[in-house]
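Take a look at the letters that make up each chain.
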Amino acid sequence: MTTRLWSINCNNKFREVLFKMASVSLREIYKKYPGGVIAVSDFNIEIKDKEFIILVGPSGCGKSTTLRMIAGLEEISEGELYIGDRLVNDIAPKDRDIAMVFQNYALYPHMTVFENMAFGLKLRKVPKDEIAKKVEEAAKVLDIAHLLDRKPKALSGGQRQRVALGRAIVREPKVFLLDEPLSNLDAKLRAQMRTEISKLHKRLGTTFIYVTHDQTEAMTMGDRIVVMKDGYIQQIDTPQNLYNYPVNQFVAGFIGSPQMNFIDAKLLKQGSKYVVEFGSEDTKTSRGVKYTIEVPEAKADPEALEPLVDHEIVLGIRPECIHDEEMFLSAAKTGVINANVEVTEMMGAETYLYLNCEGIPLTARVSPRSTARPQDVIQVALDPNRMHIFDKETEKSVIN
């Protein structure tokens, strides 16, 4: 299917529409169901005007429930929700000045594209000529003006998605809510629609709150990301800060693809230096090997590390921080290990190596020039400057 980017030659008047911008404030929000089930706990966030916020997490973490509470489709059990300066806990969905785009698009199959986009305006008794103007202008922006007479069954997935977005745009809402809108699209179209939704956000200049389970969508689209697990917020931060400075092991493993490697290890102190030791060693048979990686001085915070000396910790290392090239191996003063290559995946611009080191599974993202092949035993260097250390008991980040 051929798709095009948003039309840049859209109607100037539509481009100049001043959307009613609004901040969104969730203060100590809870969602409790009968039987003691708590879907969302103590949710707090201040979302600024024009901000693109992503709620991300695994299935069942409470992200869609949170979005539905903002929309008014779920009742808030406790807490306060403000859109702008207005408390909206008891305001009906239609009066909250929001627009929601659903996962399944929720288009009426018996209506044309024009009728689907105009439906909400008709309910509001907007004059026919104004409806026609708004729909046509939105259709130009979304590059679906040539589809206005078609019905949803005659559209591709990407076109249906644009119609759903268009139906939201014509209402000129304060806030756009998007609930996994790309999950039904194929991988190529999903990647393109990510770009187009980001462009749409910049064009409209209004607040977007977007739910997804796909961390790639979250990383590429959001100004800030809210990572959720079991109904709780784990961390709210920019994509880059989540990647570089995760607050705990869950965030570290959820953000990044392939995910971070986690190695059960022990923190030792050798003189004034901190060292992470891992691997296996059978004292009776002398089989197995213990490896060490020195904590760089820039990361060696005594206040954080001293309580963990001689204790088990978890070492985190991202796949792109494991190197098999000679230039890295020869320069490495610490963290060089031997590993068996179990599987290789050649991705074109990069290669994934699935390794086994003393029973520890590791994934390395290396250069496509790598000559490593399955069954090879190779040396790789773990970059100590990019290591993370987590408390094994609390799973909280100690060193990033």
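This section reports on the structure supplied with the text. (Residues numbered from 1 in each chain as written. Predicted model: local features only at pLDDT ≥ 70, side-chain atom pairs only at ≥ 80, totals over all residues. Heavy atoms only, no water.)

Before going further, it helps to examine the overall build of the chain. Within the chain one finds eleven helices and 21 strands. Here the C-alpha coordinates of the chain stretch approximately 85 × 45 × 40 Å along the principal axes. A burial count over the chain gives 49% of its 400 residues as buried. Considering only contacts within the chain whose residues lie at least 6 apart along the sequence, 68% involve residues at least 24 apart. Here the chain displays about 19500 Å² of accessible surface, and carbon together with sulfur accounts for 47% of that area. For the chain, the centre of its 52 positive side-chain charges and the centre of its 55 negative side-chain charges are spaced 9 Å apart. (Helix = DSSP H or I, 4+ residues; strand = E, 2+ residues; numbered from the N terminus. Buried < 20%, exposed > 50% of the residue type's maximum accessible area, 1.4 Å probe, protein only. Contact = heavy atoms within 4.5 Å. Areas by Shrake-Rupley, 256 points an atom, 1.4 Å probe, with all protein chains shown as cover. Lys, Arg positive; Asp, Glu negative; His and termini not counted. Charge placed at Lys NZ, Arg CZ, Asp CG, Glu CD.)

Bringing the sheet that holds strand 5 (residues 86-87) into the picture now. A sheet is described by the order of its strands in space; here four strands give the open sequence 2-1-4-5, paired in antiparallel fashion. What marks the edges here is a single partner per strand, and that holds for strand 2 (37-47) and strand 5. (Pairing = 2+ DSSP bridges.)

Before going further, it helps to spend a moment on the packing of helix 5 (residues 157-169) against helix 6 (residues 187-204). Each pair of packed helices can be described by the angle between their axes along with the distance between the axes. Where helix 5 contacts helix 6, the two axes come as close as 11 Å, and the packing angle between them is 20°. With respect to helix 6, the element helix 5 is oriented roughly parallel. Regarding helix 5 and helix 6, the two cross each other, and that crossing is right-handed. The segment helix 5 lies against helix 6, with Gly157, Gly158, Gln161, Arg162, Leu165 and Ile169 engaging Leu189, Gln192, Met193, Glu196, Ile197, Leu200 and Leu204. In the contact of helix 5 with helix 6, the residues fall into seven nonpolar, four polar and two charged. (Axes fitted to C-alpha atoms, helices over the stretch in contact; angles between N-to-C directions. Parallel < 35°, antiparallel > 145°, perpendicular 65-115°, else oblique. Left-handed = near helix turned anticlockwise from the far one by under 90°. Nonpolar A, V, L, I, M, F, W, Y, C, P; charged D, E, K, R; others polar.)

For the rest of this paragraph, the subject is the environment of Val380. Mapped onto the elements of the fold, Val380 is located in strand 19 (residues 377-382). By relative accessible area, Val380 is classed as buried at 1%. Along the primary structure Val380 and Met347 are separated by 33 residues, whereas in three dimensions their C-alpha atoms are 20 Å apart. Residue contacts for Val380: discarding those within four places in its chain leaves Ile322, His323, Asp324, Leu329, Gly335, Val336, Ile337 and Leu355.

To continue, consider the layout of surface pockets. By volume, the largest pocket is sized at about 560 Å³. Lining the largest pocket are 19 residues, with Met100, Phe102, Gly120, Arg167 and Arg171 positioned closest to its centre. The set of elements that each furnish at least two residues to the lining of the largest pocket consists of strand 6 (98-101), helix 3 (113-123) and helix 5. By volume, the second largest pocket is sized at about 160 Å³. Mapped onto the lining of the second largest pocket, the elements with two or more residues apiece are helix 11 (326-331) and strand 19. Of the residues assigned to the lining of the second largest pocket, the class counts are six nonpolar, three polar and two charged. (1 Å grid on protein atoms, 1.4 Å probe; cavity = no way out; pocket = protein on both sides within 12 Å on 5 of 7 lines; lining within 4 Å. Points joined across faces, edges and corners; volume = space filled by probe spheres on them.)

Spatially, six strands are ordered 6-7-8-3-9-10 in an open sheet, and the strand pairing comes out mixed. In the strand order of this sheet, the two ends are held by strand 6 and strand 10 (232-237), each with one partner. Across the sheet, the mean angle separating the axes of adjacent strands is 15° when strand polarity is ignored. Both strand 6 and strand 7 (residues 175-179) contribute to a ladder of four bridges, which runs parallel. Within strand 7, the residue paired with Val101 across the bridge is Leu178. Sheet strands in contact with helix 5 are strand 6 and strand 7, and its direction is about 175° off that of strand 6.

A word on the packing of aromatic side chains. Tallied over the entire structure, the rule returns seven aromatic pairs. Taking the centre distance of 5.9 Å and the plane angle of 45° together, the rings of Phe52 and Tyr210 count as tilted. Here the residue Phe52 occupies a position in strand 3 (residues 52-56), and Tyr210 occupies one in strand 8 (residues 207-212), the gap between them amounting to 158 residues. The same class applies to Phe52 and to Tyr210, which are both buried. Here Phe262 and Phe390 contribute two aromatic rings whose centre-to-centre distance is 5.8 Å and whose plane-to-plane angle is 70°, an arrangement assigned as edge-to-face. You can see Phe262 sitting in strand 11 (residues 261-270) and its partner Phe390 sitting in strand 20 (residues 388-391), a full 128 residues away along the chain. Ring-pair connections join several aromatic residues into one group, and the members of that group are Phe52, Phe176, Phe208 and Tyr210. When the ring centre of Tyr30 is taken as origin, the NZ or CZ atom of Lys32, which lies over that ring, is 5.4 Å away. Positioned above the aromatic ring of Tyr243, the side-chain terminus of Arg318 is 4.0 Å from the ring centre. (Phe/Tyr/Trp six-rings, centres within 6.5 Å; stacked < 30°, edge-to-face > 60°. Lys NZ or Arg CZ within 6 Å of the ring centre and 35° of its normal.)

To continue, consider the pairing of strand 20. Side chains His388 and Phe390 of strand 20 all project onto a buried face; the interleaved residues Ile389 and Asp391 project onto the opposite face, where all are buried too. Sheet analysis places strand 20 next to strand 21 (residues 397-399), joined by two bridges and oriented antiparallel. By the bridge assignment, Phe390 is partnered in strand 21 with Ser397.

Between the first and last C-alpha of helix 6 there are 26 Å, a value that for 18 residues agrees with the 26 Å anticipated at 1.5 Å per step. Along helix 6, the residues that are buried comprise Leu189, Met193, Arg194, Glu196, Ile197, Ser198, Leu200, His201 and Leu204. Capping the start of helix 6, Asp186 holds a side-chain oxygen 3.2 Å from the backbone nitrogen of Lys188, two or three residues further along. With its phi angle positive at about 60°, Gly205 sits one or two positions after the end of helix 6. (Expected span 1.5 Å × (residues − 1). Polar contact = N/O pair within 3.5 Å; in protein donor to acceptor, adjacent residues only side chain to side chain.)

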